[in-house]
Amino acid sequence: MLRPSTRRSATTFTTASFAFVAACAAAGVPAPLYVVYQQTYGLSTVVLTGAFAIYILPLLAALLCCGGLSDHLGRRWMAVPALLAGAAGSLVLATVDSAAPLLVGRAVQGLSVGLALSALGAFVVDLVPPARPGLAGAVTSGAPPGGIALGALTSGIAVQLAPAHAPVLAFVVTAAVLTAAAVAVVFLPETVAGRPGALRSLRPVVRVPSTARRVFPAVCLLVAGTYVLGGFTQALAPSLTVSVLDGDGLFSGALAVAVYHLVGPVAGLAANRTTAMRALAGGAVGLVVGIGGYIAAIAVGSFAAYLVAAVVAGAGFGVAFAGAMRILLDRSPEGTHAGTLAAIYLYCYLAAAVANLLAGVAVEVWGLAPVAVGLCGVVVVMVAVGALGAVLRMRRG
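Everything numeric in this text was worked out from a predicted model, so none of it was measured.

(A) Layout of the confidence of the model for the chain. In the predicted model, the chain carries a mean pLDDT of 86, and 94% of its residues have values of at least 70. Ranking the elements of the chain by mean pLDDT puts helix H9 (residues 198-201) last with 73 and helix H5 (residues 75-93) first with 95.

Here you go:
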């Protein structure tokens, strides 16, 4: 329960929002640097996709086990450790010269983001100014993909301007920003009173209510497809840009990551007034068209075509994701939303981790371009089957 004395102002809301975006942005910083790691230290594609997979596992563990912990201990008690963990992960990544520090740093980043999604996300909701309640939804839905885009662009600029020092510089600056954000959060007003049951809350709750089970498999398949595509974008798009497309410099890899993740939340917000079923179906069509553009861009080796396709696919992802989540949450009674969200995040993040890890192994055998096209084909099937199944089940009631 919110404390009656909670000071909700533009300043406190902005501070919490900045901290939330910073935590998510840290996860996007490594993406443009993967090409540097490959060229400088000879890291394989399996290691790069493995870094994405290992990032997801502690993220899921934190979400499932610690998602409600800030309700018991207080927002600051969870938000500050989340930010400091992100700073620690960034400092580990600043030392990358082999696979081990990359994997360890990404694992710590996953833990940080998993804690931040629950604690800082709840802080943002608690502190939203009463006159602008819609801002909370905009920040909580837009911060994860938008933060990844911001982090990728920032490190991409660093790579372009100072290629020799960019890996260290980008992560040291990220650690400093996260530490500053942690200090700022310390001075935010606590929004919840502590209550007993903290240990009991660590038990994972993954439960889909009976009212949502009919559409859950199809909707989950569609959303999992968008996560697989997002994982591919983070793990392999920079390498694809440099080795297959005609991208000009390493900053092009950052753009390849950023465009998809930036367009998504903007399109999702723009489709807010569209019915959930139309958003899901229309977004799925946009995704399929955009992924077709990816395949065409890879075939002709055009980075410009790839960016156009990323805009279309990103818009489709944002709209379809918004529609899918509304469908599931509308069918989940009050008090069951956490279980529904935990279930869909569990399956979708795991799908992304497994798909991209397998893709990394396949690249070593068949090469980057054929595997990228094959993965795009898999996502098209997932999105099309999921959307069709969801629409048919909803029409049948």
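Okay, back to it.
(B) Local environment of the nonpolar core. Core analysis: the largest hydrophobic core is formed by 75 residues, its most contacted members being Val219, Leu229, Leu280, Tyr294 and Tyr306. Elements supplying a minimum of two residues to this core: helix H3 (45-66), helix H10 (216-235), helix H11 (237-243), helix H12 (251-270), helix H13 (276-300), helix H14 (303-330), helix H15 (337-366) and helix H16 (368-395). Val80, Val128, Val185 and Leu188 belong to the second largest nonpolar core, which has 35 residues in total.

(C) Spotlight on the layout of surface pockets. Taken as a whole, the second largest pocket holds about 270 Å³ of empty space. Secondary-structure elements contributing two or more residues to the lining of the second largest pocket are helix H1 (10-26), helix H7 (134-161) and helix H8 (166-186). Ranked by residue count, the leading element in the lining of the second largest pocket is H8, at six residues.

(D) Up close: a nonpolar patch on the surface. Taken together, the side chains of Val285, Val289, Val308, Val311 and Val312 define a hydrophobic patch exposed on the protein surface, amounting to about 400 Å² of accessible area. The set of elements that each furnish at least two residues to the nonpolar patch consists of H13 and H14. Considering each element in turn, the nonpolar patch owes the most residues, three residues, to H14. Relative to the elements of secondary structure, valine 308 occurs in helix H14.

(E) Fine view of the side chain of serine 118. Checked against the element boundaries, serine 118 lands in helix H6 (residues 99-127). Sequence-distant contacts of serine 118, defined by excluding residues within four places in its chain, comprise Cys66 and Gly67.

(F) Region of interest: a positive patch on the surface. Positive charge collects at one region of the surface, where Arg200, Arg203, Arg207 and Arg213 lie side by side. Tracing the chain through its elements places arginine 213 in the loop between H9 and H10.

(G) Broad picture of the packing of aromatic side chains. Going through the model one piece at a time under the given rule, you end up with nine aromatic pairs. Linked through ring pairs, Tyr227, Tyr260, Phe317, Phe321 and Tyr349 together constitute an aromatic cluster. Over the ring of tyrosine 55 we find arginine 106, and its NZ or CZ is 4.3 Å from the ring centre.

(H) Seen up close, the packing of H10 against H12. The N-to-C vectors of H10 and H12 enclose an angle of 155°; their axes lie 8 Å apart at closest approach. By the angle class used here, H10 and H12 are roughly antiparallel. Taken together, the residues of H12 that come into contact with H10 (itself represented by Thr226, Leu229, Gly230, Thr233 and Gln234) are Ala256, Val257, Tyr260 and His261. In the contact of H10 with H12, the residues fall into four nonpolar, five polar and no charged.

(I) Region of the structure containing the environment of phenylalanine 171. The residue phenylalanine 171 is located in helix H8 in this model. Taking the relative accessible area as the measure of exposure, phenylalanine 171 reaches 0% and is therefore buried. In sequence terms phenylalanine 171 and serine 118 are 53 residues apart; their C-alpha atoms lie 24 Å from each other. Not counting the four nearest positions on each side in its chain, phenylalanine 171 is found in contact with Val29, Pro30, Leu33, Tyr37, Ser90, Leu93 and Ala94.

(J) Highlighting the pattern of salt bridges. A complete count under the given rule lists two salt bridges for this structure. When the shortest N-O distance is used, the salt bridge between arginine 75 and aspartate 126 registers 2.7 Å. With arginine 75 in helix H5 and aspartate 126 in helix H6, this residue pair connects regions lying 51 residues apart in the sequence. You can call aspartate 126 buried: its relative accessible area is 7%.

(K) Structural context of the side chain of threonine 233. The residue threonine 233 is located in helix H10 in this model. When its relative accessible area of 0% is taken as the criterion, threonine 233 is described as buried. In terms of polar contacts, threonine 233 uses its side chain to reach the backbone carbonyl oxygen of leucine 229, at 2.8 Å. Those residues within four positions of threonine 233 in sequence are excluded, and the remaining contacts are Pro238, Ala256, Val257, Tyr260 and His261.

(L) Looking closely at the state of the cysteines. Applying the stated criterion to the full structure yields zero disulfides. No disulfide involves cysteine 376; its nearest neighbouring cysteine sulfur is the one of cysteine 348, lying 18 Å away. Relative accessible area serves as the criterion here: at 1%, cysteine 376 is assigned to the buried category.

Basis of the calculations
Residues numbered from 1 in each chain as written. Predicted model: local features only at pLDDT ≥ 70, side-chain atom pairs only at ≥ 80, totals over all residues. Heavy atoms only, no water. pLDDT = per-residue confidence, 0-100. Helix = DSSP H or I, 4+ residues; strand = E, 2+ residues; numbered from the N terminus. Core = buried A, V, L, I, M, F, W, Y, C linked by side-chain atoms within 4.5 Å. Buried < 20%, exposed > 50% of the residue type's maximum accessible area, 1.4 Å probe, protein only. 1 Å grid on protein atoms, 1.4 Å probe; cavity = no way out; pocket = protein on both sides within 12 Å on 5 of 7 lines; lining within 4 Å. Points joined across faces, edges and corners; volume = space filled by probe spheres on them. Patch = residues over 30% accessible without salt bridge, like charges linked within 9 Å, V, L, I, M, F, W, Y side chains within 5 Å. Areas by Shrake-Rupley, 256 points an atom, 1.4 Å probe, with all protein chains shown as cover. Salt bridge = Lys/Arg side-chain N within 4 Å of Asp/Glu carboxyl O. Contact = heavy atoms within 4.5 Å. Lys, Arg positive; Asp, Glu negative; His and termini not counted. Charge placed at Lys NZ, Arg CZ, Asp CG, Glu CD. Phe/Tyr/Trp six-rings, centres within 6.5 Å; stacked < 30°, edge-to-face > 60°. Lys NZ or Arg CZ within 6 Å of the ring centre and 35° of its normal. Axes fitted to C-alpha atoms, helices over the stretch in contact; angles between N-to-C directions. Parallel < 35°, antiparallel > 145°, perpendicular 65-115°, else oblique. Nonpolar A, V, L, I, M, F, W, Y, C, P; charged D, E, K, R; others polar. Polar contact = N/O pair within 3.5 Å; in protein donor to acceptor, adjacent residues only side chain to side chain. Disulfide = S-S within 2.5 Å.

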